[in-house]
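The chain contents come next:
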Amino acid sequence: MVSALLPPFIKDRLACGDKFYIYTPSGNSALLFAKENGINSITHLSEIDNVDTIWLGMKPQQLLDVSTVINALNLDCTKTATYVSLLAGVSSATISESFLSSKVIRVMPNTPSKVGFGVSAIWSTPTVTNELLDSLEIGLSQTGKSFILNDESDIDTITPYSGSGPAYFFEIARHMSNDLSKRGFSPDVSKEVIALTMKGAAEMMLQSSESSQTLRDNVTSKGGVTFEALKVFEEKGLGIIIEEALKAAHKRTMELKGDKK
Ligand SMILES: NC(=O)c1ccc[n+]([C@@H]2O[C@H](COP(=O)([O-])OP(=O)(O)OC[C@H]3O[C@@H](n4cnc5c(N)ncnc54)[C@H](OP(=O)(O)O)[C@@H]3O)[C@@H](O)[C@H]2O)c1
């Protein structure tokens, strides 16, 4: 996610004279990222010096490892720094407690940020400066669209939709393109046909003032081809399956949040 999200922000801030360092335990991905973005990679967190913003892009379960190492450095700057966390299901209170800093920004991105069509939800503690929030929003807008949220709980609410959402569409695409391949189309053409169909439908949703239900009805004539497929969706309870899947994802978000407390 870091390599999808940060490059435009880094480019803007480098132009303003900021400095960036990247660290990962293996070093390989950090080295590559540093090279691609004209910044420095460090081999140990003890090399950080005078930082004012720390981005957290590891997995939520690696939070304790990272905070233990950073706190052991015993630097004043890590206690006054703003922490920008990409970690799903980890509250600002947990980040604050972990790093002894009151300044936290939570960003819930998604993988289409890699191709400029991401959705990022942003929430911050009131202690974060407007200048940092503004430059973050400008940077993230180059990877897609950002939504500033008023309540921290909205980050957890939106996670199963925008954060996990791309996986649901990939799963639907996988079934549809496999089915088309079974009927004689090559896997490459099948993938392209389904991806472009999804992209076109999404673009219509964005450009039209009609609801998705009306757009669906516009493709469906009674007794026609689409009608037959939608009838099966309804008979098999597609709506219920989607509701249950989202409920399970919400439950897991809240469990992960509890785990990190
Ligand atoms: N993927 C998504 O769709 C998505 C969506 C929304 C939010 N998120 C959040 O984004 C975060 C990253 O997810 P991801 O999918 O990008 O994971 P990822 O590809 O596995 O990347 C995690 C990175 O963290 C580094 N790392 C591991 N331990 C570390 C440590 N102790 N200190 C510093 N860096 C460490 C890893 O370094 P190495 O390269 O050395 O292994 C790796 O580069 C997660 O917290 C996740 O909740 C992900």
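Everything that follows concerns the structure shown earlier in this document.
Rules used throughout
Residues numbered from 1 in each chain as written. Predicted model: local features only at pLDDT ≥ 70, side-chain atom pairs only at ≥ 80, totals over all residues. Pairing = 2+ DSSP bridges. Helix = DSSP H or I, 4+ residues; strand = E, 2+ residues; numbered from the N terminus. Axes fitted to C-alpha atoms, helices over the stretch in contact; angles between N-to-C directions. Near = placed C-beta within 6 Å. Nonpolar A, V, L, I, M, F, W, Y, C, P; charged D, E, K, R; others polar. Buried ≥ 20, exposed ≤ 12 C-beta atoms within 10 Å, placed from the backbone. Parallel < 35°, antiparallel > 145°, perpendicular 65-115°, else oblique. Left-handed = near helix turned anticlockwise from the far one by under 90°. Contact = placed C-beta atoms within 7 Å.

Here's the deal with the sheet that holds strand β4 (residues 82-85)
Taken in spatial order, the five strands line up as β3-β4-β5-β6-β7 in an open sheet, and their pairing is mixed. Each edge of the open sheet is held by one strand with a lone partner, namely β3 (53-56) and β7 (144-148). Each strand axis lies, on average, 20 degrees off the axis of its neighbour in the sheet, ignoring direction. Both β3 and β4 contribute to a ladder of four bridges, which runs parallel.

Topic: the site of the ligand
Taken together, 21 residues lie around the ligand, and T24, S26, S29, M58 and A88 are the ones closest in. Among the residues forming the shell around the ligand, the class breakdown is eleven nonpolar, eight polar and two charged.

Observations concerning the environment of Y161
The residue Y161 is located in helix α7 (residues 153-163) in this model. The partly exposed category is assigned to Y161, around which 16 C-beta atoms lie within 10 Å.

Notes on the packing of helix α1 (residues 2-15) against helix α6 (residues 130-141)
The contact between α1 and α6 brings their axes to 7 Å, and the two run at 125 degrees. Classified by the interaxial angle, the pair formed by α1 and α6 is oblique. Here the hand of the crossing between α1 and α6 comes out right-handed. Contact residues: α1 offers L5, P8, F9, D12 and R13, while α6 offers S135, L136, I138, G139 and L140.

These values are about where atoms sit, not about what they do.
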